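An overview of the molecular structure
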2 protein chains.
Amino acid sequence: MAAHSTPGKYSVGLVQMTMSADPDANLRHAIAKVAEAAAAGAKVVCLPELFRSRYFAQTEDARVFDLAEPVPGPSTDALGKAAKQAGVVVIAPVFERRAPGLYHNSAATIDVDGRVAGVYRKMHIPDDPAYYEKYYFAPGDLGFRAFDTGVGRIGTLVCWDQWYPEGARLTALQGANILFYPTAIGWHPKEKAAHGAEQLDAWRTIQRGHAIANGCYVAAVNRVGHETPAGGNGDGIEFWGSSFLADPFGAILAEAPADREAIVVAEVDLARIEEVRRGWPFLRDRRIDAYGGITSRFLDDRS
Amino acid sequence: MAAHSTPGKYSVGLVQMTMSADPDANLRHAIAKVAEAAAAGAKVVCLPELFRSRYFAQTEDARVFDLAEPVPGPSTDALGKAAKQAGVVVIAPVFERRAPGLYHNSAATIDVDGRVAGVYRKMHIPDDPAYYEKYYFAPGDLGFRAFDTGVGRIGTLVCWDQWYPEGARLTALQGANILFYPTAIGWHPKEKAAHGAEQLDAWRTIQRGHAIANGCYVAAVNRVGHETPAGGNGDGIEFWGSSFLADPFGAILAEAPADREAIVVAEVDLARIEEVRRGWPFLRDRRIDAYGGITSRFLDDRS
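Fair warning: this is a prediction, and the values are worked out from it, not measured in the lab.

**Considerations on the sheet that holds strand β9 (residues 186-187) of chain A**
All names here are of chain A. Ordered in space as β9-β12-β11, the three strands form an open sheet in which the pairing is antiparallel. Edge positions in the sheet fall to β9 and β11 (224-227), since each has one partner strand and no second. Where β9 meets strand β12 (residues 237-240), two bridges bridge the pair, whose relative direction is antiparallel. By the bridge assignment for β12, Gly 186 is matched with Phe 239.

**A short note on the packing of aromatic side chains**
Within this structure, the stated rule accounts for 48 aromatic pairs over all chains. Arranged with centres 5.6 Å apart and planes meeting at 85°, the rings of Trp203(B) and Phe244(B) form a pair that is edge-to-face. In this pair, Trp203(B) is assigned in helix α5 (residues 189-214) and Phe244(B) in strand β13 (residues 244-246), connecting sequence segments 41 residues apart. The same class applies to Trp203(B) and to Phe244(B), which are both buried. Taken together, the aromatic side chains of Phe56(A), Phe65(A), Phe95(A), Tyr103(A), Tyr135(A), Tyr136(A) and Phe137(A) make up a single cluster linked through ring pairs. The ring centre of Phe239(A) lies 5.5 Å from the NZ or CZ of Arg223(A), which sits over that ring.

**Considerations on the side chain of Glu49(B)**
Residue and element names in this part refer to chain B. With respect to the helices and strands, Glu 49 occurs in the loop between β2 (42-46) and α2 (74-86). Glu 49 sits in the buried class, given a relative accessible area of 0%. A distance of 2.8 Å separates polar atoms of two side chains, one belonging to Glu 49 and the other to Lys 122. In this structure the side chain of Glu 49 is engaged in a polar contact, spanning 2.9 Å, whose partner is the backbone nitrogen of Ala 184. When neighbours within four sequence positions are excluded, Glu 49 is seen to be in contact with Pro 93, Asn 105, Lys 122, Glu 133, Val 158, Cys 159, Pro 182, Thr 183, Ala 184, Val 221 and Arg 223.

**Points about the packing of helix α1 (residues 23-39) of chain B against α2(B)**
All names here are of chain B. The interhelical angle for the contact between α1 and α2, taken along N-to-C directions, is 15°, at an axis separation of 10 Å. Taken as axis vectors, α1 and α2 run roughly parallel relative to one another. Considering only the axes of α1 and α2, their crossing is right-handed. Here α1 contributes Leu 27, Ile 31, Val 34 and Ala 38 to the contact with α2, which in turn contributes Ala 78, Leu 79, Ala 82 and Ala 86. Residue classes in the contact of α1 with α2 are distributed as eight nonpolar, no polar and no charged.

**Some remarks on the interface of chain A and chain B**
By a widespread convention, an interface's size corresponds to the accessible area lost as its parts come together. Facing 55 residues of chain A, the contacting portion of chain B comprises 55 residues. For the pairing of chain A and chain B, the buried interface totals around 5,600 Å² over both sides, and the portion due to carbon and sulfur atoms is 61%. Considering only the surface of chain A that becomes buried against chain B, Arg287(A), Ile294(A) and Arg297(A) emerge as the three largest contributors, covering 12% of it. One can count ten salt bridges joining chain A with chain B. Residue Asp201(B) is joined to Arg208(A) by a salt bridge in which the shortest nitrogen-to-oxygen separation is 2.5 Å.

**Here we look at helix α2 (residues 74-86) of chain A**
Residue and element names in this part refer to chain A. Spanning 13 residues, α2 covers 18 Å between terminal C-alpha atoms, matching the ideal 18 Å at 1.5 Å per step. Every buried residue of α2 is accounted for by Ser 75, Thr 76, Leu 79, Gly 80, Ala 82 and Ala 83. All buried residues of α2 lie within an arc of 165° about the axis, which places them on one face of the element. Facing away from the buried side of α2 by over 90 degrees, the exposed positions are Lys 81, Lys 84 and Gln 85. Turning to α2, the residues buried within the fold contact α1 (23-39), β3 (89-99), β4 (102-110) and β5 (116-121). Two residues or fewer past α2, Gly 87 is found with a positive phi of approximately 70°.

Rules behind the numbers
- Residues numbered from 1 in each chain as written.
- Chains lettered and ligands numbered in written order.
- Predicted model: local features only at pLDDT ≥ 70, side-chain atom pairs only at ≥ 80, totals over all residues.
- Heavy atoms only, no water.
- Pairing = 2+ DSSP bridges.
- Helix = DSSP H or I, 4+ residues; strand = E, 2+ residues; numbered from the N terminus.
- Phe/Tyr/Trp six-rings, centres within 6.5 Å; stacked < 30°, edge-to-face > 60°.
- Buried < 20%, exposed > 50% of the residue type's maximum accessible area, 1.4 Å probe, protein only.
- Lys NZ or Arg CZ within 6 Å of the ring centre and 35° of its normal.
- Polar contact = N/O pair within 3.5 Å; in protein donor to acceptor, adjacent residues only side chain to side chain.
- Contact = heavy atoms within 4.5 Å.
- Axes fitted to C-alpha atoms, helices over the stretch in contact; angles between N-to-C directions.
- Parallel < 35°, antiparallel > 145°, perpendicular 65-115°, else oblique.
- Left-handed = near helix turned anticlockwise from the far one by under 90°.
- Nonpolar A, V, L, I, M, F, W, Y, C, P; charged D, E, K, R; others polar.
- Buried area = accessible area lost by both parts, 1.4 Å probe.
- Salt bridge = Lys/Arg side-chain N within 4 Å of Asp/Glu carboxyl O.
- Expected span 1.5 Å × (residues − 1).
- Arc of directions from axis to C-beta.

This is the structure we're talking about:
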């Protein structure tokens, strides 16, 4: 899209969904939500991570790979039609099948014309109890990315990426005005009483920090609902919703509840990015001559 | 210090001070505060940025360079004695004179034996209205640093550094269990009503974010009080105090008020670092193969 055609202000629509056991029903549900968000004024609509299914990484099961699909593929085709019809950008997370035995946790950015403008493959892959993603997903090999769309330049990352300032920085340095984080995060029911509030607060805080550090908007888009793993083993995960949009100063402009579906519609104002970055010009003073150690695992060679 | 001699838990003392126009009085005041913090149980005491003077960078005046001193020098000698006497580590910010015409905004880490264990020179130098630091300070050339002390390995950064995730990361990767940020930040009185709350919140949030991203403690140590510039021009700066200690999950363990002197004494527990990092093992999954762009000013070469 040519720069002159992009708006100075636009609304985003963050679709906080529950997922059923039926992938086709989830797709229909997502398409309806895209239309609903567009009707509410959103010009870019983001769906949650892996929205076509329940969060299958609670267990390791090879049959789950049947759910994967190529990009472009059925999900991006259907959402491309929805995007074009509504005249909105859609960020569509996909369980991507790249080759037999090679899968990614991806997010496709679909432009207002319905075409895939770019694909991001989740770079940081978690593995901890009930989030066995290293079994399912190869780490992304496309790097951190931003894409030009009908609403200007936007960046996509996925879930676990949200804990890494490097990912936010590298996407913002590509000129992204907003970072979208489709997500699937929640409470282990047994931990919720003791640690739930601080976990949610840490999740919100670090993403607000990315907005502040980079002077850009940050949108987190989570699923919601209590999902128990296939087979009924375990307590499952209570996904905590709480999708939000933070402004370039880290202020939360709008936030969804923790316990039910919602569409967060809130405004991005590119002039606000300029204002905040002029006031506290962090990008000017980065010590790029001294950051080389970032590419080390740990700096424990004290020789 | 040998690793086996360091405690698993220790208290920090964060000295939130007001500064008078008399550098010697400020030094005596700081020494008294070190003793006071030690008496309250602190094993490492941090003073605010440039604690020997009012915040002179509100204006550009070559006579101010008379305040600079070498490291080691009078301030570190006096505080070294105080450190040794109290048996504490002291983090002593110094307006460092390195050579005629070459000055740094530094922080000396003084060990429990009274000797300077290491010096950090502020890497990110601000320049915005009433914070004309680029006039006074050459950017640090020692890189980001952590030092072994009687309380184990600790890192120091200074003020404007606090807005840069890279600085926090590079210090934490050297094994620092806690990052100290001596600081001088406040409100422009005319902005306070409209923006004061969000500015303070952004400052607190991004530093809590560093704690979360790195699974380490973060201590911010600010001055307090309304200082008007020499000559009486301008409204001055109302330094907002609010010094705090955040734990490795970003939770604020203790915080000073915004409007008066205080010593924050709160506990660092190394087992908590281990616990938090095991729970959310961010360091394991860093994509060090893909972070090279961090050393670019901006990633606008789209060829």
